[in-house]
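A closer look at the structure
Spelled out, the chains give:
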Amino acid sequence: MIEQKLIQLRNLFQDMNQGLIAYSGGIDSTLVAKVAYDVLGHRSVAITAVSPSLLPEELDEAQQQAKFIGINHELVYTEEMNNPNYTSNPVNRCYFCKSELHDKLKPLALQKGYPYVIDGVNADDLQDYRPGIQAAKERGVRSPLAELGITKMEVREITKILGLPWWDKPSQPCLSSRFPYGEEITYEKLHRVGRAEIYLRNLGYSNLRVRSDGDTARIELLPDQITDFVKQTNLNELVNYFQSLGFIYVTLDLEGYRSGKLNQVIKN
């Protein structure tokens, strides 16, 4: 079944004949970039958007993965932080982010002779609240994974079949997703959330979030890691570091990390 979906994905790119990939470095868009390059070679290119909501470490990983794959990799700089519709952080914030992204990528694709942009949206994404998908659709973006009904789990399975070492890489949406809707997003807030998460990664935790709510940092870890975290972490050192970033209060979410948690205010 998985092998069949991989064949279908390859055939889809063969039919496309060219591919400009909106490439974040996440597991979904990296799989799309890998298959595009395997099928199309130099007729494919991966483009990463650079903005304050992307960790420098994530950009480094994206560059390393593109090099591993062999695909040509380019950067564009997006300016969503200049749009108050984005920085005011409404529930459809992602719509304005993806609008900015694809308003940059679509002309670039046409300039290179590519008829459309291709993204890494998978079938599971269609079941969640993702206003950015609408912005992409309005601009004619193709989503091969979603078109073929490939789920997140299947993305990981196909990635593993292809021998890519990041098949179990945690999801890492942009840093703006760390703020409750309605709280203004600033460069400073993005920076402190990003550095806080890197601090925790350096302690050995990878699947995590630091949610920012005003002056409070709320740490979310996988539920089965919470007890060990409390026992093994130098909490005074952690609090001091977080406070040096600008947080006043540092808390631990006892429910643990759950993808899409901030969207529960919409669903409720």
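Look a little higher up for the structure.
A few points on the structure. (Residues numbered from 1 in each chain as written. Predicted model: local features only at pLDDT ≥ 70, side-chain atom pairs only at ≥ 80, totals over all residues. Heavy atoms only, no water.)

On to the overall build of the protein chain. Looking only at helices and strands, the protein chain has 12 helices and seven strands in total. Dimensions of the protein chain, computed from C-alpha atoms along their principal axes, come out at roughly 55 × 40 × 35 Å. Counting the 268 residues in the protein chain, one finds 48% classified as buried. Residue pairs at least 24 apart in sequence account for 73% of intrachain contacts in the protein chain once pairs closer than 6 positions are excluded. Averaging the coordinates of the 30 positive side-chain charges in the protein chain and doing the same for the 34 negative ones gives two points 2 Å apart. (Helix = DSSP H or I, 4+ residues; strand = E, 2+ residues; numbered from the N terminus. Buried < 20%, exposed > 50% of the residue type's maximum accessible area, 1.4 Å probe, protein only. Contact = heavy atoms within 4.5 Å. Lys, Arg positive; Asp, Glu negative; His and termini not counted. Charge placed at Lys NZ, Arg CZ, Asp CG, Glu CD.)

For the structure shown, the criterion picks out seven aromatic pairs. Ring geometry for Tyr95 and Phe96: centres 5.5 Å apart, planes at 90°, overall edge-to-face. Residue classification places Tyr95 among the partly exposed positions, given a relative accessible area of 22%. Considering the side-chain rings of Tyr205 and Phe229, the 5.4 Å spacing of their centres and the 75° angle between planes classify their relative orientation as edge-to-face. Of the two residues, Tyr205 sits in the loop between α9 (187-202) and β5 (209-213) while Phe229 sits in helix α10 (residues 226-232), which places them 24 residues apart along the sequence. An aromatic cluster is present here, built from Tyr199, Tyr241, Phe242 and Phe247 joined pairwise through their rings. In this structure, Arg142 is placed above the aromatic ring of Tyr116, and the distance from its NZ or CZ to the ring centre is 5.3 Å. The side chain of Arg192 reaches across the aromatic face of Phe247, ending 4.2 Å from its centre. (Phe/Tyr/Trp six-rings, centres within 6.5 Å; stacked < 30°, edge-to-face > 60°. Lys NZ or Arg CZ within 6 Å of the ring centre and 35° of its normal.)

Turning to the layout of surface pockets, a few remarks are in order. Estimates place the volume of the second largest pocket at around 200 Å³. Forming the walls of the second largest pocket are Glu58, Glu61, Gln64, Gln65, Trp166, Lys169, Pro170, Gln172, Arg201 and Ser206. With four residues, helix α3 (residues 56-69) is the largest single contributor of residues to the lining of the second largest pocket. Taken together, the residues of the lining of the second largest pocket sort by class into two nonpolar, four polar and four charged. (1 Å grid on protein atoms, 1.4 Å probe; cavity = no way out; pocket = protein on both sides within 12 Å on 5 of 7 lines; lining within 4 Å. Points joined across faces, edges and corners; volume = space filled by probe spheres on them. Nonpolar A, V, L, I, M, F, W, Y, C, P; charged D, E, K, R; others polar.)

We now examine the sheet that holds β5. The mixed open sheet is built from three strands, whose spatial order is β5-β6-β7. Sheet topology places β5 and β7 (249-252) at the edges, where each strand pairs with a single neighbour. The mean angle between the axes of side-by-side strands here comes to 25°, regardless of whether they run parallel or antiparallel. The strands touched by α9 are β5 and β6 (216-220); relative to β5, the strand with the most contacts, the crossing angle is about 150°. (Pairing = 2+ DSSP bridges. Axes fitted to C-alpha atoms, helices over the stretch in contact; angles between N-to-C directions.)

Judged by nonpolar contacts, the single largest core of 29 residues is most densely connected at Phe13, Ile21 and Val35. For this core, the secondary-structure elements that each account for two or more residues are α1 (2-16), α2 (27-40), α3 and α8 (152-161). Here this core gets eight residues from one element, more than from any other, and that element is α2. Not counting the four nearest positions on each side in its chain, Ile21 is found in contact with Phe13, Ser29, Val32, Ala33, Ala36, Val45, Ala46, Ile47 and Ile118. Met81, Phe179, Val193 and Tyr205 belong to the second largest nonpolar core, which has 25 residues in total. (Core = buried A, V, L, I, M, F, W, Y, C linked by side-chain atoms within 4.5 Å.)

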